Amino acid sequence: MSTAENNGRPWPRAGRALPRAGRTLPWVLVTPALGWTLLFFVLPFAAMGLSSLTAHEGGGFTLSNYSQFFTNPSYWQAMVNSLQVTVIVTVVSVLLAYPFAWILAEQVPERWQRLALMLAVLPFWTSYVVRSYSWLLVLAQNGVINRALTGSGLISEPLQLANTRLATATGFVHFFVMLLTLTIFANLKQLSPSYRKAAADLGAGPVRTFLHVILPLTLPGIMVGAFLTFVLCIGDYITPQILGGNNELLMPQLVMMQIGRRGDFPLASALSIILMAVVTVAYLACARWLKIERA
Amino acid sequence: MRQVIRVASWIYALAVYGFIFLPVVVLVLFSLQSTSFPIPPFTGPSLRWYDAVLSDARLTSALLNSLLVAVLSSATAVTLGFLSAWGFARFVLPGSGLLRGLITLPLTVSYLIIGMGLLVLFNWGGVPKSLLAAGIGHVVINLPLCFAIIYSQMGDHQINIERAARDLGAPEWKVLLLITVPVMAPAIFAGFFLSMTFSWDEFVISFLLTRFDTTLPVEIWNLLRSGLNPKTNAVGSLVFAVSIVLVVLFELTLLRRRKP
Amino acid sequence: MTAPLVDIRGVSHRFGQLAVLKNVSLRIEPGSYTILLGPSGSGKTTLLSILGGFVTPSEGKVFIRGEDCTSVPPAKRPTTTVFQDYALFPHMSVGGNVGFGLRMQGVDGTRRAAKAREALALVGLASAFDKKPHQLSGGQRQRVALARALVIEPAVLLLDEPLGALDLKLRRQMQDELKAIQKRVGTAFIHVTHDQEEAMALADHCVVMNDGRIEDEGPPERVYARPATRFSATFMGESTILAGTVMKATNGAITVSTPAGAILLPGPQPAGTSIALAIRPEYLRLGETKGDIALGSAKVSDVVFQGSFKRVLATSALDPALQFIAKAPASTTVQAGDTVVVSCNADDIIQLAD
């Protein structure tokens with residue numbers, strides 16, 4: 001039985017219900033949004049693609065913007081740095097956030113959970129320029145951490161914390177722990193409590209229940225969160241720029257540098273497209289774990 | 001065993017909370033510093049840096065610019081998002097899945113690349129850098145969000161509600177104004193406030209697309225070049241406060257929707 | 001003879017490749033209570049949507065009060081619909097909901113409120129005027145939906161599985177009320193359901209649908225006692241079905257060969273015709289109290305106690321594929337494993353158009 005009545009849609013859609021309005025009205029509704037997307041998203045993207053194939057000097061067709069990436073070791077190195085930082089950040093963030101989300105969902109009493117979660121993600125809403133700057137205050141040569149360590153006599157000379165890869169990673173992890181806590185918490189709460197009861201009923205202790213039931217069931221959610229972390233992290237310019245300084249460059253910094261210092265739009269475009277291609281490859285690589293619901 | 005887990009949980013949770021709040025606490029605390037460096041020891045409390053922020057014409061105008069861009073771009077995004085969500089949810093359109101995919105596509109692309117694209121396009125088209133250009137970019141990032149939120153809330157039940165209104169004699173524009181908009185109001189507000197917070201915070205697109213008149217995050221960025229400064233702490237704390245207000249409003253509208 | 005209130009002529013409808021209605025014609029009299037009965041997928045809801053104007057049929061015409069309404073939009077035709085999920089406007093009060101149709105007609109506020117109150121009183125909800133829909137129970141929402149549809153005085157009220165979301169007890173109670181309200185207002189009701197008990201309790205006119213066609217229509221008593229087709233015999237209550245062939249036809253009497261033996265019946269069919277016979281469970285006799293037609297003996301496979309009676313399932317000794325379904329008094333001592341003699345009266349055998 002697969003009639004229209006059985007598809008969970010007891011009444012057919014209104015396609016023919018508005019005989020006159022039905023022809024033009026829907027297009028009047030959707031055209032502005034589609035037009036905006038075409039004009040200010042698709043067209044710019046095409047412009048960027050075109051630009052990446054033109055020479056900075058003279059403007060003729062060239063592939064040199066792309067070949068530069070593969071031949072210039074410092075460009076290549078920026079991509080390597082970006083990937084390393086992103087992978088480290090993603091792994092560390094998941095490892096930190098999962099137990100935290102689990103504690104919020106399982107150990108905190110039900111009535112305090114909403115508050116506990118809101119508190120846990122509150123700094124998420126500080127502007128991200130400000131957030132990175134705050135970490136600079138904490139990690140600076142004479143900042144809070146170094147003062148605390150020298151004050152307690154643990155070290156005599158302040159540590160070089162700011163302007164390092166560690167600082168960049170710390171800033172990122174801070175942001176993504178909050179983001180992942182939010183997604184993993186939602187995932188844990190969606191699990192029916194009957195799973196836990198059933199596992200307990202069948203004789204599994206808390207540890208085995210977690211390993212064999214809870215963890216596998218939340219894995220898809222973790223993958224989605226991890227992928228989101230990957231995408232947002234690899235494309236971010238602010239955090240490495242403020243916290244990492246210019247000691248080592250990540251891809252977004254390299255892109256911005258082409259625009260800022262040299263006004264080299266073609267090279268910046270090519271590097272952006274390469275960055276996007278890497279994200280797409282990452283997406284395809286883990287696409288089968290990412291059952292992102294179509295909205 | 002249970003006891004051990006419980007104690008370990010508490011310690012772990014407190015440590016993570018500590019990590020999460022450390023920078024924010026430091027930020028707000030040293031915004032109250034009375035001397036010129038936002039580093040220990042604490043010398044406050046004093047409001048002199050808030051004074052300095054509020055009397056800095058560049059910062060206050062950037063703040064107003066940010067609010068203006070956030071409100072206008074969010075209103076545009078939510079209007080376009082609502083109309084298209086309504087269109088797609090109510091009518092059978094050829095290639096509907098593909099077109100919906102197109103509208104949500106910008107969600108998967110980083111802001112840097114969206115900003116780059118617009119910069120290249122506007123550069124070619126001779127469109128000058130301006131708040132308007134940045135606002136256009138903000139609509140690009142927030143439109144898919146508004147669309148997704150509102151579209152996901154337009155279920156079959158809402159379709160029947162609109163059918164009932166039409167059946168009882170309401171012309172299309174009355175269905176829209178008296179039924180659809182009020183029924184969808186929580187989703188519309190949610191989309192609007194979420195867009196507001198994203199636009200309010202957005203840096204890279206504004207950085208690329210504005211020049212003289214700019215938004216607050218870009219102005220704060222400029223301030224950073226002068227190194228650590230309690231004035232930056234003060235403006236950062238203010239931005240944080242505004243974001244919190246927006247988030248609370250968002251939470252409230254969300255809660256209101258869950259109630260019935 | 002007055003013209004029918006609703007006249008559906010040769011309506012067919014397809015969703016894409018799928019034909020959901022196949023040449024359906026139906027007339028509905030003023031003031032009647034019509035039930036469209038059928039399983040899901042039978043096309044009954046689509047037929048209702050066509051009547052309400054939400055779907056324009058692929059072929060055929062719909063006349064209401066003699067006017068061609070086939071492509072008239074819902075707002076402009078004299079029908080209103082009570083939706084399965086009630087579709088109350090969640091942001092308006094109950095009074096606002098009921099008054100909505102009048103507001104669209106430009107009726108002023110005071111008169112609107114008065115009429116809305118009147119309609120709410122009719123459905124027994126006079127006190128709910130200022131409440132919000134989410135403060136009401138399922139049954140109350142149902143009544144508000146009814147009042148909202150009735151207040152603009154439609155010629156035909158369409159109800160799409162109106163009791164489907166209610167629990168059994170409430171359903172039976174609302175069923176009685178629906179009937180009472182319909183009698184009071186005198187509006188023609190057309191009501192879609194898959195519940196045959198609901199159909200028998202409510203309908204003046206019962207329309208059995210299956211696979212996009214009307215299988216049978218008429219007063220529910222007739223449809224139950226003398227179903228026209230095999231489908232309506234099985235969908236409207238249970239039956240024992242005997243498939244057979246006419247062996248001999250003489251003077252308006254036929255001899256039918258069936259798995260349970262030869263049966264003599266009145267009928268015009270020529271010899272060689274395939275025929276299906278149905279017997280309702282309450283007309284099958286078990287044991288000594290014999291009817292005039294013997295159906296052989298059968299082995300009882302199951303006895304289910306149902307309160308006021310026992311439902312007996314038995315397998316024919318002559319043909320193991322033949323299942324008898326009988327209704328025996330609660331006091332019967334028949335048990336699973338017993339062998340019983342089965343019989344019935346010729347008058348109680350229904351001939352089905354197969």
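In this text the structure is predicted, and so the values were computed from the model without any measurement. (Residues numbered from 1 in each chain as written. Chains lettered and ligands numbered in written order. Predicted model: local features only at pLDDT ≥ 70, side-chain atom pairs only at ≥ 80, totals over all residues.)

Let us now look at the overall build of chain A. For chain A, the count of helices and strands is twelve helices and zero strands. Along chain A, from the amino end to the carboxyl end, the secondary structure elements read α-α-α-α-α-α-α-α-α-α-α-α. When burial is assessed residue by residue, chain A has 41% of its 295 residues classed as buried. Within chain A, contacts between residues at least 6 apart in sequence are counted, and of these 69% link residues at least 24 apart. (Helix = DSSP H or I, 4+ residues; strand = E, 2+ residues; numbered from the N terminus. Buried ≥ 20, exposed ≤ 12 C-beta atoms within 10 Å, placed from the backbone. Contact = placed C-beta atoms within 7 Å.)

In terms of helices and strands, chain B carries eleven helices and zero strands. In terms of overall dimensions, chain B has C-alpha extents of about 70 × 65 × 30 Å along its principal axes. The 260 residues of chain B split such that 51% are buried. Here the contacts in chain B between residues at least 6 apart in sequence split such that 75% fall between residues at least 24 apart.

Before going further, it helps to spend a moment on the interface of chain B and chain A. In this complex, chain B contributes 74 residues to the contact, which on the side of chain A involves 65 residues. Of the residues forming the side of chain B that touches chain A, the biggest block, 15 residues, is contributed by helix α1 (residues 2–31) of chain B. Of the residues contributing to the side of chain B that touches chain A, the split by class is 55 nonpolar, 14 polar and five charged. (Nonpolar A, V, L, I, M, F, W, Y, C, P; charged D, E, K, R; others polar.)

With twelve residues, helix α7 (residues 156–167) of chain B should cover 16 Å at 1.5 Å per step; its first-to-last C-alpha distance of 16 Å lies within 8% of that length. Turning to α7(B), its buried residues number three or more, namely N160(B), I161(B), E162(B), R163(B), A164(B), A165(B), R166(B) and D167(B). Buried positions along α7(B) lie against α8 (172–201) of chain B together with α1 (44–52), β6 (79–82) and α2 (94–104) of chain C. G169(B) lies just past α7(B) and shows a positive phi near 105°. (Expected span 1.5 Å × (residues − 1).)

Another point: the confidence of the model for chain B. Model confidence for chain B is summarised by a mean pLDDT of 87, while 97% of its residues fall at 70 or above. For this predicted complex, the interface score ipTM comes out at 0.86, alongside a pTM of 0.79. (pLDDT = per-residue confidence, 0-100.)

On to the packing of helix α3 (residues 57–90) of chain B against helix α6 (residues 131–153) of chain B. Residues and elements named next belong to chain B. In contact at an axis separation of 7 Å, α3 and α6 are set at 40° when each is read in the N-to-C sense. The orientation of α3 relative to α6 falls into the category oblique. Judged by the twist between their axes, the crossing of α3 over α6 is right-handed. Counted by class, the contact of α3 with α6 contains 17 nonpolar, nine polar and no charged residues. (Axes fitted to C-alpha atoms, helices over the stretch in contact; angles between N-to-C directions. Parallel < 35°, antiparallel > 145°, perpendicular 65-115°, else oblique. Left-handed = near helix turned anticlockwise from the far one by under 90°.)

The next thing to look at is the nonpolar core. One finds L136(A), L137(A), L143(B), I150(B) and A147(C) to be the most contacted residues of the largest nonpolar core, which totals 225 residues. Looking at this core element by element, the count peaks at 14 residues for α6(B). What L137(A) contacts, discounting residues up to four positions off in sequence, is G143(A), V144(A), V26(B), L27(B), F30(B), P38(B) and L228(B). (Core = buried A, V, L, I, M, F, W, Y, C linked by C-beta atoms within 7 Å.)

With that settled, the discussion passes to unusual backbone geometry. Residue and element names in this part refer to chain C. In this model, A87 sits at a positive phi of 50°, which is unusual for a non-glycine residue. When you line up the elements, A87 lands in the loop between β6 and α2. For A87, a count of 26 C-beta atoms within 10 Å gives the class buried. The backbone of E153 shows a phi angle near 50°, a positive value even though the residue is not glycine. Mapped onto the elements, E153 comes out in the loop between α4 (138–150) and β7 (156–160).

A separate point is the pairing of strand β8 (residues 188–193) of chain C. All names here are of chain C. By the criterion of burial, β8 is predominantly enclosed, with six of the six residues buried. As judged from the five bridges shared by strand β3 (residues 33–37) and β8, these two strands associate in the parallel manner. Each residue of the ladder has a partner; that of L36, found in β8, is V192. Two strands pair when backbone bridges link them, and β7 and β8 are joined in this way by five bridges, in the parallel orientation. In the sheet register, L159 faces β8, and the bridge partner there is H191. (Pairing = 2+ DSSP bridges.)

Residue and element names in this part refer to chain C. Pairing analysis gives six bridges linking strand β11 (residues 240–250) to strand β14 (residues 274–279), with the strands arranged antiparallel. Residue T240 lies in a different strand from β14, and its bridge partner there is I279. Examined bridge by bridge, β14 and strand β20 (residues 350–352) share three bridges and lie antiparallel to one another. Residue A278 lies in a different strand from β20, and its bridge partner there is I350.

Residue and element names in this part refer to chain C. Inspection of the secondary structure assignment puts A149 in helix α4. The class for A149 is buried, based on 25 C-beta atoms found within 10 Å. Between the alpha carbons of A149 and N251 there is a distance of 56 Å; along the sequence they are 102 residues apart. Those residues in contact with A149 that sit more than four places away from it in its chain are T80, T81, V82, P154 and L157.

The subject of this paragraph is the sheet that holds strand β19 (residues 339–344) of chain C. Spatially, β15-β19-β16-β17-β18 (chain C) is the arrangement adopted by the five strands of the open sheet, whose pairing is antiparallel. Whereas interior strands pair on both sides, the edge strands pair on one side only; in this sheet they are β15 (285–286) and β18 (323–329) of chain C.

Residue and element names in this part refer to chain A. Following both chains from N to C, one finds helix α8 (residues 193–201) and helix α9 (residues 206–234) inclined at 155°, their axes separated by 10 Å at the closest point. Classified by the angle their axes make, α8 and α9 are roughly antiparallel. As for how α8 packs across α9, the hand of that crossing is right-handed. Together, Y195, R196, A199 and A200 of α8 and T209, V213 and L217 of α9 make up the contact between the two elements.

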